[in-house]
Amino acid sequence: MAFPTTSVLDSFTRSNENPLTTGGNWSAPLLTISGTFKLVSNAIQDDSLADGGGYGSAYWNASNFGPGSEVYVTLTNPWQNNASDVWLWLDGNAENSSGADGYRFTITYFTGVWYWNVYRFDNNVATELTPSFEAGPTLATGDSVGAEHNGSSLTFYYKASGGSWGTPSGVSARSDSTYTSGHIGLAKGYQD
């Protein structure tokens, strides 16, 4: 099956916004532990730091997606500091509360390697889905990352800048069917 199958919801190409709202379509934060985003020079960044080097998140509240949902984003400038990360959120409900449910696809940088992992959130508590952290492709400027949940399989996608979408080498799909519809979202720490 081709990925992605849906068109872009937000290209972030417009006037600066603080906080990111797009006419109320975005809400933040995603989880109670995360900050919010602002839009600066056609890129999203943490709203608390001028250089975008903090931690931000948002979810698309204008509609629910699923069963069968996907989310994807192009990275403008991935930092490569330990604990840099990007999250993709699928099938989310009750965001920014103690009842938050959904799937968090996490790509985290540690000592020269980007690790790819998936968590299920049940009432704002994370459960790691097996397999554990797997080393995947190195993220670079202009690369895109995505995630899909088809109701039972949770799959990462990767597209190198100028390349084509595919599943990332070394990264396995996870299985879970607890949640099948909800919001999509994004979060990042120490990346633009």
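To be clear, the structure that these remarks concern was listed above.
> Can you lay out the overall build of the protein for me, pointing to particular residues and giving the numbers?
The number of helices and strands found in the protein is zero helices and 14 strands. Mapped from its N terminus to its C terminus, the protein presents α and β elements in the order β-β-β-β-β-β-β-β-β-β-β-β-β-β. Expected size for 192 residues packed as a compact globule is a radius of gyration near 16 Å; at 15 Å, the protein falls within 12% of this value. C-alpha extents for the protein along the principal axes are approximately 40 × 35 × 30 Å. Every one of the 192 residues in the protein was classed for burial, and the buried ones make up 49%. Put simply, 61% of the contacts in the protein that link residues at least 6 apart link residues at least 24 apart. About 8,000 Å² of surface is accessible on the protein, with carbon and sulfur atoms providing 49% of the total. Taken together, the 7 basic and 17 acidic charged side chains of the protein have centroids lying 3 Å from each other.

> How would you explain the pattern of salt bridges if you had to name every residue and give the values?
Going through the model one piece at a time under the given rule, you end up with five salt bridges. Arginine 14 is the partner of glutamate 17 in a salt bridge, and the nearest nitrogen-oxygen pair spans 3.3 Å. Residue classification places arginine 14 among the partly exposed positions, given a relative accessible area of 26%. Here arginine 174 ties to glutamate 134 by a salt bridge, and the two come within 3.2 Å at their closest N and O atoms. You can see arginine 174 sitting in strand 13 (residues 174-175) and its partner glutamate 134 sitting in strand 10 (residues 134-135), a full 40 residues away along the chain. The same class applies to arginine 174 as to glutamate 134, namely buried.

> Got a sec to walk through the sheet that holds strand 11 (residues 144-149)? Specific residues and values, please.
Taken together, four strands build an open sheet; the order of strands is 5-11-12-13 and the sheet is antiparallel. One side of each edge strand has no neighbouring strand; the edge strands of this open sheet are strand 5 (69-74) and strand 13. Taken together, the two bridges between strand 12 (residues 153-159) and strand 13 define a ladder with antiparallel strand orientation. If you follow leucine 154 over to strand 13, its bridge partner there is arginine 174.

> Help me get a handle on the environment of tryptophan 26, residues and values and all.
Inspection of the secondary structure puts tryptophan 26 in strand 1 (residues 26-27). Judged by relative accessible area, which is 9%, tryptophan 26 ranks as buried. As a C-alpha pair, tryptophan 26 and alanine 140 span 114 residues in sequence and 26 Å in three-dimensional space.

> Lay out the packing of aromatic side chains with the relevant residues and their values.
Going through the model one piece at a time under the given rule, you end up with 13 aromatic pairs. Pairing phenylalanine 3 with tyrosine 72 gives two aromatic rings, centres 6.0 Å apart and planes at 75°, and the pair type is edge-to-face. In this pair, phenylalanine 3 is assigned in the segment before strand 1 and tyrosine 72 in strand 5, connecting sequence segments 69 residues apart. Residue classification places phenylalanine 3 among the buried positions, given a relative accessible area of 8%. Classification of tyrosine 72 as partly exposed rests on a relative accessible area of 22%.

> Tell me what's going on with the pairing of strand 7 (residues 101-110), and back it up with residues and numbers.
Of all 10 residues in strand 7, nine are buried; the element is thus mostly enclosed. Relative to strand 8 (residues 113-122), strand 7 runs antiparallel, the two being bridged by nine bridges. Residue threonine 108 lies in a different strand from strand 8, and its bridge partner there is tyrosine 115. Where strand 7 hands over to strand 8, the hairpin turn is made up of two residues, of which threonine 111 adopts a positive phi near 40°.

> Account for the side chain of serine 153, naming residues and giving values.
With respect to the helices and strands, the residue serine 153 is situated in strand 12. A distance of 3.5 Å separates a polar atom in the side chain of serine 153 from a polar atom in the side chain of threonine 155. Setting aside anything within four residues of it in sequence, one finds serine 153 in contact with Glu148, Ala173 and Arg174.

Cut-off values and rules
- Residues numbered from 1 in each chain as written.
- Predicted model: local features only at pLDDT ≥ 70, side-chain atom pairs only at ≥ 80, totals over all residues.
- Heavy atoms only, no water.
- Helix = DSSP H or I, 4+ residues; strand = E, 2+ residues; numbered from the N terminus.
- Rg over C-alpha atoms; globule rule 2.2 N^0.38 Å.
- Buried < 20%, exposed > 50% of the residue type's maximum accessible area, 1.4 Å probe, protein only.
- Contact = heavy atoms within 4.5 Å.
- Areas by Shrake-Rupley, 256 points an atom, 1.4 Å probe, with all protein chains shown as cover.
- Lys, Arg positive; Asp, Glu negative; His and termini not counted.
- Charge placed at Lys NZ, Arg CZ, Asp CG, Glu CD.
- Salt bridge = Lys/Arg side-chain N within 4 Å of Asp/Glu carboxyl O.
- Pairing = 2+ DSSP bridges.
- Phe/Tyr/Trp six-rings, centres within 6.5 Å; stacked < 30°, edge-to-face > 60°.
- Polar contact = N/O pair within 3.5 Å; in protein donor to acceptor, adjacent residues only side chain to side chain.

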